[in-house]
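What follows is the residue order along each chain.
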Amino acid sequence: MFSLLRLSALAALLSCGISLPVSASTPVPGQFAEQQLRHIATWFPGRMAGSPAELLTANYLQQQFAEMGYKSDKRDFKTRGPWRDNNGKTHWRNLTATSVIAARAGEVPQEILVIAHLDTWRPVSEEETEKDIGGLRLQGVDDNASGLGVMLELAQLLSHKPLHYGVRFVALSAHQDDLQGMDAYISRMKAADRKNTLLVIDLDSLIVGDRLYFNSGKNTASAVIKQTRDRALDIAHRYGINAATRPAHSAPYPLPNAFDAAGFPLLTVRAANWDLGKKDGTQQRAISRHFPQGVSHHQTARDNLNYLDRWLPGRISARARDSVRILFPLINELANPPATHKES
């Protein structure tokens, strides 16, 4: 339904060679992203959907976007979350989750959508609470202050650039599968918004995994894959950044992506190691003393600044830098394809 318009809008990219931008005396890539992710993790732990910390985070993000000059707003939606007691009985709790949307229009109605979930893991059982999985103290540095920090730096950099295609940033709440935050956002998109969304870029858990993976959705056309996933890897390799796409014939990431299911072209950015475990991207790194399950997801004792700075020294700075060095030129090129440049 959407592919013909998107392909024609991105077709200009296929006929022209693209070179990396060269600039002098620019801010250090990733520095602002790191500052933001550290601030969010420190001041807004326990950002569970429907919690006071989530609302405070949404207020902060809206303020940041507005200061950059974006038209920004919060959006509430009602959902419900499961809770399983020790007797195995599931109860449902009503929640009001809050997402943040910031947009800057381009010369034409089409736009690129960049999303990152703002909420941390909400425990789904008494057992998880007893094991300190999720909850009020979870900083969620990797999952997903990292995505929010990179999103904010991308927004800052793009706020000063001319745009042929617009950009829309969404800090999306209720990311947990049962809460259906993505589905709720998509269901409220108008027909014109759906038609004009050229690409969705999903930023999630960028720190702990061994390398950055750029993967396309199963419904993304090959021409778009070439100009998004393949272009991202080309930029990474030119900078000497360890990035990859999931190996051919490997298992796909087990959690579905609602944007992909709805037919939107999709590029996911996530740090993992697709060669380990079930080879489906869920294991982030080799099993070790400090990461006995090979992951940090949802673990209050591990997904925090003190732990990651101690056992992965320098990783937060390096991954924030690498993410921005790849994604900013990519999005800037997609938002301003060469064929749209006006003759001087």
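Before any of the text, the structure's been laid out above.
Presented here is a report on the structure given in the accompanying data block.

About the thresholds
Residues numbered from 1 in each chain as written. Predicted model: local features only at pLDDT ≥ 70, side-chain atom pairs only at ≥ 80, totals over all residues. Heavy atoms only, no water. Pairing = 2+ DSSP bridges. Helix = DSSP H or I, 4+ residues; strand = E, 2+ residues; numbered from the N terminus. Contact = heavy atoms within 4.5 Å. Axes fitted to C-alpha atoms, helices over the stretch in contact; angles between N-to-C directions. Phe/Tyr/Trp six-rings, centres within 6.5 Å; stacked < 30°, edge-to-face > 60°. Buried < 20%, exposed > 50% of the residue type's maximum accessible area, 1.4 Å probe, protein only. Parallel < 35°, antiparallel > 145°, perpendicular 65-115°, else oblique. Left-handed = near helix turned anticlockwise from the far one by under 90°. Nonpolar A, V, L, I, M, F, W, Y, C, P; charged D, E, K, R; others polar. Salt bridge = Lys/Arg side-chain N within 4 Å of Asp/Glu carboxyl O. Lys, Arg positive; Asp, Glu negative; His and termini not counted. Polar contact = N/O pair within 3.5 Å; in protein donor to acceptor, adjacent residues only side chain to side chain.

### Brief notes about the sheet that holds strand β4 (residues 165–172)
Reading across from one edge, β1-β2-β4-β3-β5-β8-β6-β7 is the order of the eight strands in this open sheet, with mixed pairing throughout. Both outer strands of the open sheet, β1 (71–84) and β7 (243–244), are each paired with one neighbouring strand and no more. Sheet topology places strand β6 (residues 211–216) next to β7; two bridges connect them, and they run parallel. Paired with Tyr-213 across the two strands is Ala-244, which belongs to β7. Against the sheet, helix α3 (residues 52–67) touches β1, β2 (90–104) and β4, its axis set at about 5 degrees to β2. Packed on one face of the sheet, helix α9 (residues 229–238) meets β6, β7 and β8 (266–272) and runs near 160 degrees to β6.

### Some details on the packing of aromatic side chains
Applying the stated criterion across every chain, the model contains nine aromatic pairs. Considering the side-chain rings of Tyr-185 and Phe-259, the 6.2 Å spacing of their centres and the 50 degrees angle between planes classify their relative orientation as tilted. Note that Tyr-185 is positioned in helix α6 (residues 181–187) and Phe-259 in helix α10 (residues 258–261), a separation of 74 residues in sequence. Residue classification places Tyr-185 among the buried residues on the basis of a relative accessible area of 8%.

### Details of the environment of Leu-138
Mapped onto the fold, Leu-138 is located in the loop between α4 (126–130) and α5 (141–158). Of the residues examined, Leu-138 reaches a relative accessible area of 1% and is grouped as buried. C-alpha separation for the pair Leu-138 and Thr-42, spaced 96 residues apart in sequence, amounts to 9.8 Å. Apart from the residues within four sequence positions on either side, Leu-138 is in contact with Pro-45, Gly-46, Thr-120, Trp-121, His-298, Gln-299, Thr-300 and Asp-303.

### Some details on the packing of α3 against α5
In contact at an axis separation of 10 Å, α3 and α5 are set at 20 degrees when each is read in the N-to-C sense. Here α3 is positioned roughly parallel relative to α5, judged by the angle of their axes. You can see that α3 and α5 cross each other, and the crossing is right-handed. In this structure, α3 contributes Leu-61, Gln-64 and Phe-65 to the contact, and α5 contributes Leu-148, Met-151, Leu-152 and Ala-155. Its residues assigned to classes, the contact of α3 with α5 comprises six nonpolar, one polar and no charged.

### Topic: the pattern of salt bridges
If you walk through the whole model with that rule in mind, you get 13 salt bridges. Note that Arg-168 and Glu-111 form a salt bridge whose closest N and O atoms lie 2.7 Å from each other. Taken together, the residues span a long stretch of sequence, with Arg-168 in strand β4 and Glu-111 in strand β3 (residues 108–117) at a distance of 57 residues. Between Asp-204 and Arg-270 there is a salt bridge, and its shortest N-O distance comes to 2.9 Å. Taken together, the positions of Asp-204 in the loop between β5 (197–203) and β6 and Arg-270 in strand β8 put the pair 66 residues apart, joining distant regions of the chain. Given a relative accessible area of 7%, Asp-204 falls into the buried group.

### Focus on the side chain of Arg-315
Within the element layout of this structure, Arg-315 appears in helix α12 (residues 315–335). Asp-210 provides the closest opposite charge to the buried, salt-bridge-free Arg-315, at an N-O distance of 4.9 Å. A polar contact of 3.1 Å, which involves the side chain of Arg-315, links it to the backbone oxygen of Gly-209. Setting aside residues up to four positions removed in sequence, Arg-315 forms contacts with Ile-207, Val-208, Gly-209 and Arg-285.

Purely spatial values, then, with no claim about function.
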